[in-house]
Structure formats: C-alpha cells, structure tokens
Amino acid sequence: MYDFATMFEEIEKSARERFIPVILDDSKEELLALVNKIEPKRILEIGTAIGYSGALMLTQCESAVLDTIELLEERRQEAISNFEKFGVINRANCYLGDCMELLPQVINGNMYDLVFIDGPKSKYLQYLELVKDNINKGGYVFCDNVLFRGMVLNGKKPPHKFRTIVVGLRKFLEFLKNSADFRSEIKEKGDGIAIIEVLR
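I will try to describe carefully the structure that is included in this document. In this text, all values refer to a predicted model and were calculated from it rather than measured experimentally.

## Examining the environment of Ile 89
Its place among the elements puts Ile 89 in the loop between α4 (73-85) and β3 (92-96). C-alpha of Ile 89 to C-alpha of Val 65: the two residues are 24 residues apart in sequence and 9.7 Å apart in space. Excluding its chain neighbours within four sequence positions, the residues that come into contact with Ile 89 are Ile 80, Phe 83 and Glu 84.

Listed below in structure tokens is the structure:
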C-alpha cells in the first residue's frame with residue numbers, strides 16, 4: 001500500500017505526461033494552507049480534471065464534503081477512480097457537464113466555506129457572481145492562474161489566441177478591487193493566485 005504522498009506524486013507525473021493541467025506546487029502550498037486555516041465543511045470545485053486538487057483537499061480535511069464539476073466524462077471517471085484510491089469517494093459528489101449550466105442546480109440549497117475556481121479562465125467573474133450568495137460569511141474563494149503567464153498585469157494587448165482569457169481575468173481582478181463584498185489578496189506565485197475572503 002502506497003502512502004498518500006507517493007500516490008499524489010504518481011498522479012501528478014501521469015497528468016503532466018498527458019498534458020492534463022494540475023495545480024502547480026506553489027498554488028498547492030497556498031491552497032492547502034488555506035484549507036488547514038479554515039477547515040471547510042463543504043467545498044465547491046469548478047474544474048475537477050482528474051481529481052488531484054479535490055483529493056488533496058479531502059485528504060487534508062477529513063470532515064469536508066466536496067461538490068466538483070467536470071466537463072469531460074473521461075476525466076470525471078478518472079477523478080472518481082482517484083477519489084476511490086484515496087478513500088474519499090463517499091465525500092465527493094462528481095458532476096458532469098458545463099459549469100455555467102450545472103452550477104445553479106449543484107449549489108442550490110448548499111452553503112460553502114471554500115470555493116476553488118480552476119475552470120475556464122475567461123469565466124471566473126461569471127462563476128463568482130453565480131456562487132457568491134452560496135458562500136458563508138467568512139468563507140473563501142481560491143482562484144488559480146489569475147495572472148495567466150504574466151499577461152494579465154503587463155498592460156499590453158494580449159496575443160489574439162489568449163485575448164478572451166486575459167480580458168476576462170483583467171475584468172475579474174478589477175471587480176475584486178472595487179467590491180465591498182470581498183477582501184482579496186493576489187499572489188504572484190505559480191501562475192497567479194487570488195485568495196478572496198467573503199465579508200458580508
């Protein structure tokens with residue numbers, strides 16, 4: 001029987017070999033520090049991929065329940081398999097479909113202590129607006145890749161193929177800066193991290 005650390009290393013290595021995005025080490029460190037700090041009872045994850053981040057959070061916080069949404073059935077099935085390997089499948093609700101369509105029904109009646117947003121980058125603001133009323137006061141939102149390859153804060157016109165992502169992330173950060181409902185910290189670690197506290 002492998003220990004969890006070895007299992008996580010193998011999953012990460014396999015994902016990188018197949019070009020499946022998993023959380024970078026700097027971001028993982030920040031995410032787990034936040035999980036340990038707030039000890040969430042219920043977590044919402046937008047973007048399951050193969051369940052790497054979800055399993056990290058659930059093994060770190062043994063009382064948490066995770067609602068997680070993935071667009072691709074193949075990845076969702078791999079995530080379920082990984083949740084089973086770590087013995088957390090009974091605390092993981094894995095939904096299949098487009099987040100924008102599924103979110104309202106997934107979050108209906110649920111309140112979250114932590115929301116981890118790691119889906120399509122151009123939609124971060126839309127996701128936040130959809131879920132904000134389902135986050136407990138004092139809860140947190142953790143967003144990865146918010147500085148997207150250094151393009152978001154450099155003030156330059158982004159390359160055409162990344163324009164939607166960069167423009168969307170710029171709007172997202174501007175919204176956070178001007179919102180009285182949130183206190184946000186942007187960290188230039190990894191590909192950029194936003195740690196957002198819900199104030200109201």
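Additional details are given in the paragraphs that follow.
## Quick notes on the packing of aromatic side chains
Per the counting criterion, the structure on display carries seven aromatic pairs. Ring geometry for Phe 8 and Phe 86: centres 4.3 Å apart, planes at 20 degrees, overall stacked. Taken as a pair, Phe 8 in helix α1 (residues 4-17) and Phe 86 in the loop between α4 and β3 lie far apart in primary sequence, 78 residues in all. Comparing Phe 8 with Phe 86 shows no difference in burial state: the two are buried.

## Some details on the pattern of salt bridges
Tallied over the full model, the rule gives 14 salt bridges. Here Glu 12 makes a salt bridge to Arg 16, at a shortest N to O gap of 2.9 Å. One end of the pair, Glu 12, and the other, Arg 16, are both in helix α1, four residues apart, so they sit about a helical turn from each other. Glu 12 gets classed as buried once you look at its relative accessible area, which sits at 14%.

Criteria and thresholds
- Numbering of residues starts from 1 in each chain and follows the order in which that chain's sequence is written.
- The model is predicted, so local features are restricted to residues of pLDDT at least 70 and side-chain atom pairs to those at 80 or more, both for listing and for counting; the totals for chains, interfaces and linings are taken over all residues.
- Hydrogens and water molecules were not included; the side-chain quantities draw on all heavy atoms of the structure.
- Here a helix means four or more residues in a row that DSSP labels H or I, a strand means two or more in a row labelled E, and each is numbered from the N terminus.
- By the convention used here, residues are in contact when the closest approach between their heavy atoms is within 4.5 Å.
- Pairing of aromatic side chains requires ring centres within 6.5 Å, counting the rings of Phe and Tyr and the six-membered ring of Trp. Pairs whose planes differ by under 30 degrees are stacked, by over 60 edge-to-face, and all others tilted.
- Categorising residues by exposure relies on relative accessible area from a 1.4 Å probe, with only protein chains included: less than 20% of the type maximum marks a residue as buried, more than 50% marks it as exposed, and the intermediate range marks it as partly exposed.
- Counted as salt bridges are all cases of a side-chain nitrogen of Lys or Arg within 4 Å of a carboxyl oxygen of Asp or Glu.

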